[in-house]
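Listed here are the chains, written in short residue letters.
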Amino acid sequence: MTLAEVKPHLAVEHDEHDVLIQGYIDQAEAHVGAYLRRDMAADFPDGWPEGVKGAVRLMVASFFHYREAGAESGGDGVPTMAREMLAPYRCFV
């Protein structure tokens, strides 16, 4: 995902935190792929479903606004609402 897709969700209009936010995007995308147990590029070659993108935005917001570890998550680093959004896409095999 891009800064342009995530910054409106964070209510950030300036460029001051772009490097930090991009780092959070990268972390969230990697974490989502691991949580879903999927190769995101291979499994979604035409782009990620909106539910997955929404979950990434929620994770980035959690990282950005609550910079201490484990904020609002179920212990797996995934905020509760994001976990619900990702559930239909998670592989269990």
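All values reported here derive from a predicted model rather than from experimental measurement.

Reading the values: the criteria
- Within every chain, residues take consecutive numbers counted from 1 along the sequence as written.
- At least 70 in pLDDT is required for a residue's local features to be given in this predicted model, at least 80 for side-chain atom pairs to be given and counted, and no such filter applies to totals for whole chains, interfaces and linings, which use all residues.
- Only hydrogens and water are set aside; all other atoms, that is, all heavy atoms of the structure, feed into the side-chain values.
- By the criteria applied, helices consist of DSSP H or I runs no shorter than four residues and strands consist of E runs no shorter than two, each listed in order from the N terminus.
- When accessible area is computed with a 1.4 Å probe and restricted to protein chains, residues below 20% of their type maximum are described as buried, those above 50% as exposed, and intermediate ones as partly exposed.
- We call two residues contacting when some pair of their heavy atoms lies within 4.5 Å.
- Known as pLDDT, the predictor's per-residue confidence is scaled from 0 to 100.
- The nonpolar core is taken to be a set of buried Ala, Val, Leu, Ile, Met, Phe, Trp, Tyr and Cys residues, with the residues joined through side-chain atoms within 4.5 Å.
- Here a Phe, Tyr or Trp ring, Trp counted by its six-membered ring, pairs with any other such ring whose centre lies within 6.5 Å, and the pair is stacked when the planes are under 30 degrees apart, edge-to-face when over 60, and tilted otherwise.
- Throughout, the arc means the angular range of directions from the helix axis out to the C-beta atoms.
- Salt bridges are counted wherever a side-chain nitrogen of Lys or Arg sits within 4 Å of a carboxyl oxygen of Asp or Glu.

Colleague: Please explain the overall build of the protein chain as it appears in this structure.
Modeller: Along the protein chain, the regular secondary structure elements total five helices and zero strands. In the protein chain, the order of α-helices and β-strands from amino to carboxyl end is α-α-α-α-α. For the protein chain, with 93 residues in total, the buried portion stands at 39%. Considering only contacts in the protein chain between residues 6 or more positions apart, those separated by 24 or more positions represent 62%.

Colleague: Quick question: what am I supposed to make of the confidence of the model for the protein chain here?
Modeller: Residues with a pLDDT of 70 or more make up 89% of the protein chain, whose mean pLDDT is 89. The least confident element of the protein chain, judged by mean pLDDT, is helix 5 (residues 80-86) at 92; the most confident is helix 2 (residues 18-36) at 95.

Colleague: What's the story with the nonpolar core in this structure? I'm lost.
Modeller: Across soluble globular proteins, you tend to see nonpolar side chains buried next to one another. Formed by 24 residues in total, the largest nonpolar core has its most connected members in Leu-10, Ile-21, Val-32, Val-60 and Leu-86. Secondary structure elements with two or more residues in this core: helix 1 (3-10), helix 2, helix 4 (50-65) and helix 5. What Ile-21 contacts, discounting residues up to four positions off in sequence, is Leu-3, Val-6, Lys-7, Leu-10, Val-12, Val-60 and Phe-64.

Colleague: Help me understand the packing of aromatic side chains, please; the structure alone is not making it clear to me.
Modeller: Any aromatic ring pair is given by two values, namely how distant the centres are and how the planes are angled relative to each other. Across all of its chains, the model carries two aromatic pairs by this definition. Relative to Phe-63, the ring of Tyr-24 has its centre 5.7 Å away and its plane inclined at 55°; by these criteria the two rings are tilted. Taken together, the positions of Tyr-24 in helix 2 and Phe-63 in helix 4 put the pair 39 residues apart, joining distant regions of the chain. Tyr-24 sits in the buried class, given a relative accessible area of 13%. Between Phe-44 and Tyr-89, the ring centres sit 6.2 Å apart and the planes meet at 80°, which makes this aromatic pair edge-to-face.

Colleague: I would appreciate a short explanation of helix 1 in the present structure.
Modeller: Count 3.6 residues to each turn of an α-helix, and residues three or four apart come out pointing the same way. Turning to helix 1, its buried residues are Val-6, Lys-7 and Leu-10. The arc that holds every buried residue of helix 1, seen down its axis, measures 105°, which confines them to one face. When the buried face of helix 1 is taken as reference, the exposed residues oriented beyond 90 degrees from it are Ala-4 and Pro-8. Of the surrounding secondary structure, the elements contacted by the buried residues of helix 1 are helix 2 and helix 4. Note on helix 1: the residue one or two positions beyond its end, Ala-11, has a positive phi of about 60°.

Colleague: What exactly am I supposed to notice about the pattern of salt bridges here?
Modeller: Between side chains of opposite charge, a pair can form as their charged atoms come close. Under the defined criterion, the tally for this structure stands at five salt bridges. Salt bridges sharing common partners tie together Glu-5, Glu-50 and Lys-53.

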